[in-house]
Amino acid sequence: MSEDVTLRCQYASFLTDYSSEYGTQGSSTYDASNVLGAPGSYINGSTYGDHVSSLVFRTYGHYWNILPFHKEYQPIGHQPDWFAASDFIELQFDEAVYPTDIRVYETFCPGGLVRILISDLGTEIPEGTPHLSRWKLLWSGSSFKGEHIYTVATPKLPKHNKNSFATRRLRLEFDGKLAEYYHELDAVELVGHPWTRGIKASEYLKKRIKNAVSVSVPTNMLKNLKIDTVKQAPQQKTDVEPNVAQSDEPEIKVNYFDKLPHEIIEMIIGYIKDLGHRAQVARACVLFHKIVTDETAIKELNLKPFYTKITGDALSKITSCYSLAITKLDLSWIGYEHGRINGKLAIEGIKSLSNLEELRCRNCQSFVHDRFLSYLPVHCPKLKLLDLFRCKDFSLSTLKPLKNLEYLDISQCSDVIYHGHVNLESEDPEESFFTSCHKMKWFFMGRSSHHMFGSQPSGTIAELITRDMIQNCKEIHGVNFWRQRGIGQIFPEFIKKFGSTLKYLDLGWTGLHQSPSSLNPKNFWSLLLGSCPKLEYLALTSVNMRMDDEDITNFAKYCPNLEQLDLLGVRGFSDIGLHGLLSGCKNMKFLDLSYGKTSVETVAQLQEIYPHCDIKHVPTILEANKALRRARGLDPDDLDAGESTDEYVF
């Protein structure tokens, strides 16, 4: 049946926001902007597989949730059942429509889509007033996950009702745990009926302001935080008057909660973790209200699931209510580009949290800046963990007063200013970042871009940061160097000092093969394996250091605690070496052999022999076509027999 001629079909034209990306900054490879426009891989007839012209998120699977640092720093607070997203993209289209279909073109490992939201920003609400915009859940569920084919996911959208509105902005949320490997997106298509303005924007805006009613669950709860706003219910007479005849079945007028010890009631309500459900419980009676709003009731607060609704007023009220108890706070995604919280409101929200030890502000570009960060040492002096993943435009020197900081994530941050150069000839040399934060144990700077303040000595900024770390930190448990070039010169010194305490190390795409000749493959593996006995996670993605059977077998000898090993693109070892690795590393849960020279058949055999380890394997084009020829009963090494070598493209 032909498509309705009145419908408008359009592809995304502008990328408003996104959570993460696998690609390199400034490059189009696996970049988030690849999702814009028409689906190139689909239109060009490419088969299912890995395409550099697609959008790829940074993480996938559940293994990212069991990394070594998660053993010390667990996810903050309660995650509601209805919220499972780990990544998102926010897209804008040229024309506003009433959606009838949304088509998500997936080139690799489909099935991660879990929610679709639409915004009225730019239609009923003018572009300049994002604080009044609303997000509406259009669809939630599990998208198609089946055969390894190019998939066009088309979630079944609800029929329009009187509450529907036109939109030109979509927000798609993905659950990385559902993906077997890196989930890749080619394009997003919005289909719907054209929008015609029924009410003038100015009139609609006035109506929204006049009749503003918050739809935020946390805000509704906070409106009743003050105990004097709850009216005391009249006491019922429970004493039976004398000389009054009693019925055979007297009516029971006992409140059994009054019979329970107060501590038991607190324990029962304590099992209610969802913030929205606690809000409903608080409205039941005065007793429940007192328990829910007790200043010690919440120690860990996760506001990430409410990122579309939480306001600055709600944030400041809830943090002030539980200010003495809150030690962990997650504000991730709340500070998105068109969110309702700016820097001033965020500062008000953290002012009363003197006992705060962990703060996560992932993708909070709207309020994470130097002014906000400068308030953290003043109001949150006990802070040990600070997650600023994909924020921008701030200086590390702002964090120097945080003397207790042990965990800092600035991965995928842009325009980070580093004041690391210490001028020893100066009478008053500036203290470097790690001189102040010398208790640092976990440091993540994967694919972050930095600017040096003042004169810069020789070497890359990543090398200078590493040197500063070596000179001042006592022990390091984990470092993420992902896509940080130029660390090869300083890497041997780094391993010699911190190797004995390292549990987590990501060297993916660092270009160590371009390092000085002193860091040749044999020296590299000998240094790395002989110095890191406690390693639990090691990523060597595309380090281009040849690894023979002796090297890979030595992992079992020198790193017996290894649980996850990423050898994507690493070559030189044979099946014998892999057997030695997997038989020796009893705790191995994850092994990535993609784009190496290991055959598809070998991986299948290894997976059968070692079922405790999940072996990931995406073959090269050559290996994939050899496997295809074997399945057809042809000579796998004879690629000139007339078959196309790009039938199975990865």
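Computed from a predicted model, the values in this text were never measured in an experiment.

Asker: Break down the overall build of the protein for me, citing the residues and quoting the values.
Answerer: A tally of helices and strands in the protein yields 19 helices and 24 strands. The 650 residues of the protein split such that 53% are buried. If you take every contact in the protein between residues at least 6 apart in sequence, the share linking residues at least 24 apart comes to 78%. When the accessible area of the protein is evaluated, it comes to approximately 29,700 Å², of which 51% is carbon and sulfur surface.

Asker: Quick rundown of the sheet that holds strand E23 (residues 590-592)? Include the residues and the values.
Answerer: Pairing is parallel across the open sheet formed by 12 strands, whose spatial order is E10-E11-E12-E13-E15-E17-E19-E20-E21-E22-E23-E24. Two strands bound the open sheet, and with one partner strand each, they are strand E10 (300-302) and strand E24 (614-616). Across this sheet, the average inter-strand angle for adjacent strands is 5°, counted without regard to direction. Across three bridges, E10 lies against strand E11 (residues 328-330) in parallel orientation. Bridging across to E11, Glu 300 finds its partner in Lys 328.

Asker: Break down the pattern of salt bridges for me, with residues and values.
Answerer: Scanning all chains against the criterion turns up 22 salt bridges. In this structure, Arg 447 and Glu 21 form a salt bridge, with 2.6 Å as the shortest nitrogen-oxygen distance. With Arg 447 in the loop between strand E17 (442-444) and strand E18 (450-452) and Glu 21 in the loop between strand E2 (14-18) and helix H1 (40-43), this pair connects stretches of sequence that are 426 residues apart. Note on Arg 447: relative accessible area 6%, which makes it buried. Judged by relative accessible area, which is 3%, Glu 21 ranks as buried.

Asker: Describe the confidence of the model for the protein, with residues and values.
Answerer: For the protein, the average pLDDT comes to 81, and 76% of its residues sit at 70 or higher. Here residues 199-205 scores under 50 on pLDDT; set against residues more than four positions off or in separate chains, the count is 10 contacts. Low pLDDT (under 50) marks residues 207-246, which in the prediction has 49 contacts with non-local residues, meaning those over four places away or in another chain.

Asker: Give a description of the nonpolar core that names residues and reports values.
Answerer: With 117 residues, the main nonpolar core has Phe 372, Phe 494, Leu 505, Leu 540 and Phe 555 as its most contacted residues. In terms of residue count, the dominant contributor to this core is helix H13 (residues 461-472) (six residues). Ignoring sequence-local partners within four residues, the contact set of Phe 555 consists of Trp 525, Leu 529, Leu 538, Leu 540, Met 547, Pro 560, Leu 562, Leu 565, Leu 581 and Cys 585.

Asker: Can you tell me about the side chain of Ser 20, naming the residues and giving the values?
Answerer: Within the fold, Ser 20 resides in the loop between E2 and H1. Here Arg 58 takes part through its backbone nitrogen, which lies 3.2 Å from a polar atom of the side chain of Ser 20. With residues near it in sequence (within four places) discarded, Ser 20 still touches Val 56, Phe 57, Arg 58, Asp 87, Phe 389 and Gln 412.

Asker: Which residues make up the packing of helix H10 (residues 343-350) against helix H11 (residues 370-379), and what are the values?
Answerer: At their nearest, the axes of H10 and H11 sit 10 Å apart, and the two run at 10° to each other. The orientation of H10 relative to H11 falls into the category roughly parallel. Facing Lys 344, Ala 346, Ile 347 and Ile 350 of H10, the residues of H11 in contact are Arg 371, Phe 372, Tyr 375, Leu 376 and His 379. Taken together, the residues that form the contact of H10 with H11 break down as six nonpolar, one polar and two charged.

Asker: Kindly report on a negative patch on the surface, identifying the contributing residues and their values.
Answerer: Side chains of Glu 263, Glu 266, Asp 294 and Glu 295 sit close together on the surface and give a patch of like negative charge. Tracing the backbone through its elements, the reader meets Asp 294 in the loop between helix H8 (286-292) and E10. Taking relative accessible area as the criterion, Asp 294 reaches 30% and is therefore assigned partly exposed.

Asker: How would you sum up the environment of Lys 392? Please name residues and give values.
Answerer: Within the secondary structure layout, Lys 392 lies in strand E14 (residues 392-395). Those residues in contact with Lys 392 that sit more than four places away from it in its chain are Gln 365, Val 368 and Ser 414.

Asker: How would you explain helix H18 (residues 600-609) if you had to name every residue and give the values?
Answerer: Within the sequence span of H18, burial applies to Thr 602, Val 603 and Leu 606. For H18, the angular spread of buried residues about the axis comes to 100°, placing them on one side. In the core, the buried residues of H18 are packed alongside helix H17 (575-584) and E24.

Asker: An account of the packing of aromatic side chains is requested, with residue identities and associated values reported.
Answerer: Applying the stated rule across the entire model yields 34 aromatic pairs. Here Trp 82 and Phe 83 contribute two aromatic rings whose centre-to-centre distance is 6.1 Å and whose plane-to-plane angle is 75°, an arrangement assigned as edge-to-face. These aromatic residues form a ring-pair network of at least three members: Tyr 22, Tyr 30, Tyr 60, Tyr 63, Phe 108, Tyr 181, Tyr 182, Trp 482 and Phe 590. Lying over the aromatic face of Phe 88, Arg 171 brings its terminal NZ or CZ to 3.8 Å of the ring centre. Directly above the ring of Tyr 407 sits Arg 360, whose terminal nitrogen or CZ lies 5.9 Å from the centroid.

Conventions and cut-offs
Residues numbered from 1 in each chain as written. Predicted model: local features only at pLDDT ≥ 70, side-chain atom pairs only at ≥ 80, totals over all residues. Heavy atoms only, no water. Helix = DSSP H or I, 4+ residues; strand = E, 2+ residues; numbered from the N terminus. Buried < 20%, exposed > 50% of the residue type's maximum accessible area, 1.4 Å probe, protein only. Contact = heavy atoms within 4.5 Å. Areas by Shrake-Rupley, 256 points an atom, 1.4 Å probe, with all protein chains shown as cover. Pairing = 2+ DSSP bridges. Axes fitted to C-alpha atoms, helices over the stretch in contact; angles between N-to-C directions. Salt bridge = Lys/Arg side-chain N within 4 Å of Asp/Glu carboxyl O. pLDDT = per-residue confidence, 0-100. Core = buried A, V, L, I, M, F, W, Y, C linked by side-chain atoms within 4.5 Å. Polar contact = N/O pair within 3.5 Å; in protein donor to acceptor, adjacent residues only side chain to side chain. Parallel < 35°, antiparallel > 145°, perpendicular 65-115°, else oblique. Nonpolar A, V, L, I, M, F, W, Y, C, P; charged D, E, K, R; others polar. Patch = residues over 30% accessible without salt bridge, like charges linked within 9 Å, V, L, I, M, F, W, Y side chains within 5 Å. Lys, Arg positive; Asp, Glu negative; His and termini not counted. Charge placed at Lys NZ, Arg CZ, Asp CG, Glu CD. Arc of directions from axis to C-beta. Phe/Tyr/Trp six-rings, centres within 6.5 Å; stacked < 30°, edge-to-face > 60°. Lys NZ or Arg CZ within 6 Å of the ring centre and 35° of its normal.

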